[in-house]
Structures are given as structure tokens and as C-alpha cells.
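Each chain is listed here by its residues.
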Amino acid sequence: MTSGVLPAQALRQLIAQGALSAQPAIRGDQIQPASLDLRLGPVAYRVRASFLAGNGRTVQDRLDEFTMHKVNLGEGAVLEKNCVYLIPLAEHLALPPGVTAVANAKSSSGRLDLLTRTITDGGTEFDRIPEGYHGPLYAEVCPRSFSVLVREGQRLNQIRFRQGQAVLSDTELAALHATDPLVSGEAVISEGLGFSVDLKPAEGTLVGYRAKPHTGVVDLDRIGHYPAADFWEELHATDGRIILDPGAFYILVSREAVTIPPDYAAEMAPYLAMVGEFRVHYAGFFDPGFGHAAAGGAGSRGVLEVRCHEAPFVLEHGQIVGRLVYERMSERPETLYGAGIASNYQGQGLKLAKQFRTT
């Protein structure tokens with residue numbers, strides 16, 4: 001098998017071989033161009049604190065230590081803001097030699113400020129799964145801004161598989177950009193493709209949204225249902241800067257429109273901590289075809305999920321806030337992001353999670 005991120009057709013092969021299994025069986029619409037959506041199981045465990053299983057320990061061992069009570073998700077249940085839950089997932093892995101996996105929150109989870117991470121038996125870090133892992137998967141979920149109503153079978157996180165080393169070096173990234181432009185404007189390449197924040201919109205003064213601190217519950221199944229004004233405060237700027245409040249959560253947008261060519265995938269990665277007292281939440285895999293002409297795109301801007309830390313911080317237009325790490329696909333996916341599949345964010349600009357409506 002060629003090294004690289006495994007596309008949809010290779011994921012189907014893993015399913016056929018039993019390396020990827022689930023109860024109930026994996027559905028075709030879980031398979032994305034370069035990842036697999038993971039589904040919540042029927043119960044959630046309210047735990048005292050976030051944890052990792054650790055070497056030689058199972059997640060079940062640690063659940064026995066930390067569980068406060070159990071919640072039935074079969075008919076839906078509310079996960080309370082700032083509480084930590086551990087949810088067994090429907091999917092199970094039996095990774096073959098040479099194949100590793102990495103998980104990440106889905107875009108809609110990130111935009112709701114749902115801290116969603118994957119843990120495994122014997123795991124010593126979040127979201128990273130070594131070759132040869134045989135065992136269950138669990139999602140740790142901590143709603144940070146809004147309490148949410150979730151149900152069995154919903155998909156808060158996703159998993160990507162790779163064979164060998166596939167990350168592009170800066171030299172390779174620059175060469176790719178020269179032949180198939182990855183970003184509008186000048187490319188800032190340093191351990192990936194840098195992107196900056198847009199605080200001088202082409203029209204109007206709306207630059208983002210800040211989550212309100214005291215709101216109702218968000219039912220994840222209600223698409224386009226909630227008036228944005230009930231949950232979000234609009235942020236306007238006329239001088240190209242805003243001041244981030246400690247502990248607050250923001251939805252902003254990148255200045256650059258980015259593209260992911262069909263033979264590549266990308267992942268949003270944290271930028272260096274030295275840039276300031278904030279973190280750009282890195283929910284999200286970027287699939288092959290995102291923003292690309294081959295998939296009907298003309299560049300798509302990245303939505304930035306930003307949380308400020310200990311001190312107020314001035315964020316200014318054009319400031320570098322994150323980076324995209326590009327990887328090769330082991331082969332081109334049969335279907336690209338946005339091309340004939342239900343892709344919510346192709347061609348996006350500043351956009352809230354799909355549960356909200358702004359008009």
C-alpha cells in the first residue's frame with residue numbers, strides 16, 4: 001500500500017477486512033473522502049475529570065474510578081455545560097501493521113465549542129491511535145459554551161487513517177503551491193501553511209461572534225432552528241482589531257481562502273503559543289477537494305474557533321493565528337469534498353454551526 005492518508009475506498013477495504021467494525025454496522029454515509037465519522041453509543045458516563053487510560057490500563061478500569069453516574073442516550077439526554085462525559089463509541093478498531101489513526105472533532109462540534117476528544121485502552125495521549133491497536137473507542141465530551149442535547153448514533157468526532165509518513169515538508173508544500181495555489185495571496189509557509197484572521201471585511205463591519213454565557217440547550221438534531229442572537233453576540237470592528245476576553249469563545253474567519261487539492265488532505269494545527277494569550281481551537285480535518293475547483297469550489301475560508309486564556313488580548317487584522325498541515329493521500333478519493341456529497345461548509349465564509357440561523 002502506498003504511504004499516505006487512506007481515502008474512502010481504502011476505508012471500505014478496512015471494513016471488509018474487519019479492521020474497522022461497529023455495532024450497529026458502519027453506514028455508507030459515515031465514510032467521508034478521507035475520514036470516517038464516529039457514532040455515539042447508547043450511554044454516557046458523567047465523570048469527575050478528564051483522563052487517559054495509560055499504559056496497561058483499560059478505559060473501563062478508569063471509568064470504575066471516576067464515574068459519577070450514567071446517562072441513557074437512547075432517547076436523548078442533555079450534556080451539561082462544563083461537565084465531562086465519557087461515551088463509548090459504536091466503532092471498534094483492529095488496525096493492521098503500518099496503519100495508524102488520528103481523530104478530531106467534526107467541524108460542527110468545534111463551532112459549538114464542544115471539547116471532543118477520542119481515547120483508547122492503553123492510550124497515553126488524546127486522539128492518537130498507534131498501529132496494531134485492537135480495541136474500543138471512546139469520546140470524551142465537555143460542552144464549554146452551551147449545554148447540548150445528544151442522542152445515540154450522533155457524530156461528534158471523526159477518524160483518519162494513514163499508512164506511513166505522509167506530511168509534506170515546507171519545501172514540498174511550497175512546490176505544490178507553485179503548481180496548484182493553496183491560498184489566496186502570499187503563502188506563509190512554516191511547518192505548514194499559515195493563515196491569518198480577517199478583521200477588515202470587504203462589506204460591513206461584522207467580523208465574528210462571541211458565545212453568550214447564559215443560554216438555553218442546543219439540540220444537535222435541530223438544523224437551522226435556533227436564532228443566532230439567542231446564543232451569540234455579534235462582533236463588529238471598524239479599525240481592524242478586537243480585544244479578546246479571558247474565558248470567552250469566539251467564531252472568527254480566516255483572511256485567506258484555502259484549497260485542498262484532490263490528492264491531498266490537511267489538518268488544522270495549533271499555532272505557536274508565543275503569538276498571544278489565545279488558542280485557535282483545531283477542530284477539523286480538511287478533506288481532499290475542500291475549496292478546490294475540481295470539487296466546485298473557488299477557495300474556502302477557514303472558520304476559526306478561538307478561546308482566550310489568562311489575559312485580555314488584542315487581535316489585529318492579518319495576524320497569523322493558525323496553520324494547515326498538508327498530507328499526501330495514498331490515492332485520490334473516489335469522491336471529493338463538496339462534489340456530489342452533503343458538504344456543509346464548501347465555499348464558506350464566516351459561518352456558525354449548522355444548528356443556528358442568522359436571518
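Above: the structure in question.
The rules behind each value
- Residues numbered from 1 in each chain as written.
- Predicted model: local features only at pLDDT ≥ 70, side-chain atom pairs only at ≥ 80, totals over all residues.
- Heavy atoms only, no water.
- Buried < 20%, exposed > 50% of the residue type's maximum accessible area, 1.4 Å probe, protein only.
- Helix = DSSP H or I, 4+ residues; strand = E, 2+ residues; numbered from the N terminus.
- Pairing = 2+ DSSP bridges.
- Core = buried A, V, L, I, M, F, W, Y, C linked by side-chain atoms within 4.5 Å.
- Contact = heavy atoms within 4.5 Å.
- Phe/Tyr/Trp six-rings, centres within 6.5 Å; stacked < 30°, edge-to-face > 60°.
- Arc of directions from axis to C-beta.
- Salt bridge = Lys/Arg side-chain N within 4 Å of Asp/Glu carboxyl O.
- Disulfide = S-S within 2.5 Å.
- Polar contact = N/O pair within 3.5 Å; in protein donor to acceptor, adjacent residues only side chain to side chain.

**Student:** If you had to explain the pairing of strand 16 (residues 206-211) to someone new, which residues and values would you point to?
**Tutor:** Look at any regular strand and the pattern is simple: side chains alternate between the two faces of the sheet. Of all six residues in strand 16, five are buried, a share of seventy percent or more. Here strand 16 runs beside strand 19 (residues 232-236); their pairing, made up of five bridges, is antiparallel. Following the sheet pairing, Gly208 is matched in strand 19 by Leu235. One ladder, built from two bridges, connects strand 16 with strand 21 (residues 249-258); its direction is antiparallel. Its bridge partner being in strand 21, Tyr209 is matched across the sheet by Ile251.

**Student:** How would you explain the nonpolar core if you had to name every residue and give the values?
**Tutor:** Grouped together as the largest cluster of nonpolar side chains are 53 residues, with contacts concentrated most on Leu93, Ile159, Phe161, Val218, Trp232 and Phe356. Beyond its immediate sequence surroundings of up to four residues, Leu93 is in contact with Ala19, Leu20, Ile129, Tyr133, His134, Gly135, Leu137, Ile159 and Phe161. Within the second largest apolar cluster, 33 residues are counted, among which are Val183, Tyr250, Val258 and Met268.

**Student:** Residue-level account of the packing of aromatic side chains, with values.
**Tutor:** Throughout the structure, instances matching the rule amount to ten aromatic pairs. On the basis of an interplanar angle of 55° and a centroid distance of 5.3 Å, the ring pair of Phe231 and Phe356 is categorised as tilted. One end of the pair, Phe231, is in the loop between strand 18 (226-227) and strand 19; the other, Phe356, is in strand 28 (residues 356-357), and 125 residues separate them in sequence. Overall, the relative accessible area of 8% leaves Phe356 in the buried class. Ring centres of Trp232 and Phe249 lie 6.2 Å apart, and the angle between their planes is 45°; this geometry places the pair in the tilted category. With a gap of 17 residues between them, Trp232 in strand 19 and Phe249 in strand 21 connect regions that are remote in the sequence.

**Student:** Tell me what's going on with helix 4 (residues 170-179), and back it up with residues and numbers.
**Tutor:** Taken as a whole, helix 4 has its buried residues at Leu173, Leu176 and His177. Projection of helix 4 onto a plane perpendicular to its axis shows the buried side chains occupying an angular sector of 100°, all on one side. Exposed residues lying more than 90 degrees from the buried face of helix 4 are Thr171, Ala178 and Thr179.

**Student:** Tell me about the pattern of salt bridges, and please be specific about residues and values.
**Tutor:** Within this structure, the stated rule accounts for 22 salt bridges. In this structure, Arg57 and Glu65 form a salt bridge, with 2.7 Å as the shortest nitrogen-oxygen distance. Among the residues examined, Arg57 registers a relative accessible area of 32% and is labelled partly exposed. We classify Glu65 as partly exposed; its relative accessible area is 37%. Note that Glu172 and Arg328 form a salt bridge whose closest N and O atoms lie 2.6 Å from each other. Taken together, the residues span a long stretch of sequence, with Glu172 in helix 4 and Arg328 in strand 27 (residues 320-328) at a distance of 156 residues. Judged by relative accessible area, which is 33%, Glu172 ranks as partly exposed.

**Student:** I'd love a proper account of the state of the cysteines, names of residues and values included.
**Tutor:** For the structure shown, the criterion picks out zero disulfides. Residue Cys308 stays outside any disulfide, its sulfur separated by 18 Å from that of Cys142, the closest cysteine.

**Student:** Quick rundown of the side chain of Arg307? Include the residues and the values.
**Tutor:** Residue position: Arg307 is located in strand 25 (residues 300-308). Owing to a relative accessible area of 13%, Arg307 belongs among the buried residues under this scheme. Polar side-chain contacts of Arg307 include one of 2.8 Å to the backbone oxygen of Gly247.

**Student:** Explain helix 2 (residues 59-66) to me, and be specific about the residues and the numbers.
**Tutor:** When helix 2 is considered as a whole, its buried residues turn out to be Val59, Arg62, Leu63 and Phe66. Along helix 2, the residues classed as buried sweep out an arc of 110° about the axis, all on the same side. Structurally, helix 2 contributes buried residues whose contacts are with strand 4 (43-47), strand 5 (67-72), strand 7 (84-94), strand 9 (114-120) and strand 11 (134-143).

**Student:** So what's going on with the sheet that holds strand 17 (residues 218-219)? Which residues, and what values?
**Tutor:** Strand order in the open sheet formed by three strands is 6-12-17, with mixed pairing between adjacent strands. Every other strand in the sheet has two partners, leaving strand 6 (77-79) and strand 17 as the edge strands with one partner each. As paired strands, strand 12 (residues 148-150) and strand 17 are joined by two bridges and run parallel to one another. Along strand 17, the bridge assignment pairs Val148 with Val218.

**Student:** Describe unusual backbone geometry, naming the residues involved and giving the relevant values.
**Tutor:** The omega torsion of the bond from Gln23 to Pro24 falls at 0°, within 30 degrees of zero and hence cis. Inspection of the secondary structure assignment puts Pro24 in the loop between strand 2 (20-22) and strand 3 (36-38). The phi torsion at Asp127 lies on the positive side, around 70°, for a residue other than glycine. Topologically, Asp127 is positioned in the loop between strand 9 and strand 10 (128-129). Taking the relative accessible area as the measure of exposure, Asp127 reaches 13% and is therefore buried.

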